[in-house]
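# Notes for the structure review
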Amino acid sequence: MTRAKDHRALVAGARRILCDIDGCLIRGGQPIDGAAAFVDAVRDRLSLVSNNSTDTAMGLSDRLARIGIEVPEAQIFLAGEQTLLHVQTTYPDARFRLVATDAMRDRAETLGLHLTSERPDLIVLCRAPDTTLAELESVLVQITQGVPIVAANPDLTHPGAAGPAIETGAVAGLLRACRPGLAIPFIGKPAAPLFLRGLQNASPEEAIMIGDNPETDIVGAERLGMPALLIHPDKSMGPTIRSLI
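Under the annotation held in an unreviewed UniProt entry, the protein carries the name Haloacid dehalogenase and is attributed to Haematobacter genomosp. 1.

## Brief notes about unusual backbone geometry
Put simply, K189 and P190 share a cis peptide bond, and its omega is 10 degrees. Note on placement: P190 falls in the loop between helix 7 (168-178) and helix 8 (192-199). Even without a glycine there, the phi angle at R119 is positive, about 50 degrees. Along the chain, the position of R119 falls in the loop between strand 7 (114-115) and strand 8 (122-125). We note that Q200 has phi near 55 degrees; this positive angle belongs to a residue other than glycine. Residue position: Q200 is located in the loop between helix 8 and strand 12 (207-211).

## So, the pairing of strand 12
When you tally the buried positions in strand 12, you get five out of five residues, the bulk of the element. Here strand 12 shows no split at all, with A207, M209 and G211 on one side and I208 and I210 on the other all buried. Sheet topology places strand 1 (residues 16-19) next to strand 12; four bridges connect them, and they run parallel. Its bridge partner being in strand 12, C19 is matched across the sheet by I210. As paired strands, strand 12 and strand 13 (residues 228-230) are joined by three bridges and run parallel to one another. For M209, the partnering residue across the bridge sits in strand 13 and is A228. Crossover connection from strand 12 via helix 9 (residues 214-223) to parallel strand 13: handedness right-handed.

Calculation criteria
- Residues numbered from 1 in each chain as written.
- Predicted model: local features only at pLDDT ≥ 70, side-chain atom pairs only at ≥ 80, totals over all residues.
- Heavy atoms only, no water.
- Helix = DSSP H or I, 4+ residues; strand = E, 2+ residues; numbered from the N terminus.
- Buried < 20%, exposed > 50% of the residue type's maximum accessible area, 1.4 Å probe, protein only.
- Pairing = 2+ DSSP bridges.
- Right-handed = clockwise from strand over helix to strand, strands pointing away.

Put into structure tokens, the structure is as follows:
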């Protein structure tokens, strides 16, 4: 992991800069001090890579713009949306059971995915706060019948407005607890796919990952041979996004 004394040089020399969103650029829906200035300084080299599995890049780009952080949707890579793109190309003719928010279901439909809750070929798991226990039990029955599952991210929680919010990984853990040995591949960090999409045409060695989560942002990047910088939302805890400019 990169030390603070080197961080400005690493950012300045990187061909591609990957950056997490929550805890790095925003906290509680509001910009962290220095976030907008950082984005303006590195705009042409920036990719935002987040385990968010409720929003689309278009929707998040609009929401960030409303708080003064301007990032085009083409530079935003979210685990949920990228999972949909992954299954679209990997299983082009499959029938999908999608556990997700309405925004993600709408995105799946615009991609032309065949969504169904009956006899699916694959279950796709994203964060879905309104999912009922009965719906999860139905998913579990289909898993028991041999339907494979892929999930957006392994996170157990994320920072919610009132405290920790249950995330996709916690629901995946529940299904695995009920079905020991269940294999659930993840697209989001620390797995490689989300990083690789964010790199675009750069190699890991030419890029840098900036994140606030050692277990997802830092470990995942270092597995790919990508330099990684751990920052914090509060300067009393260590380097923040402002310290990078």
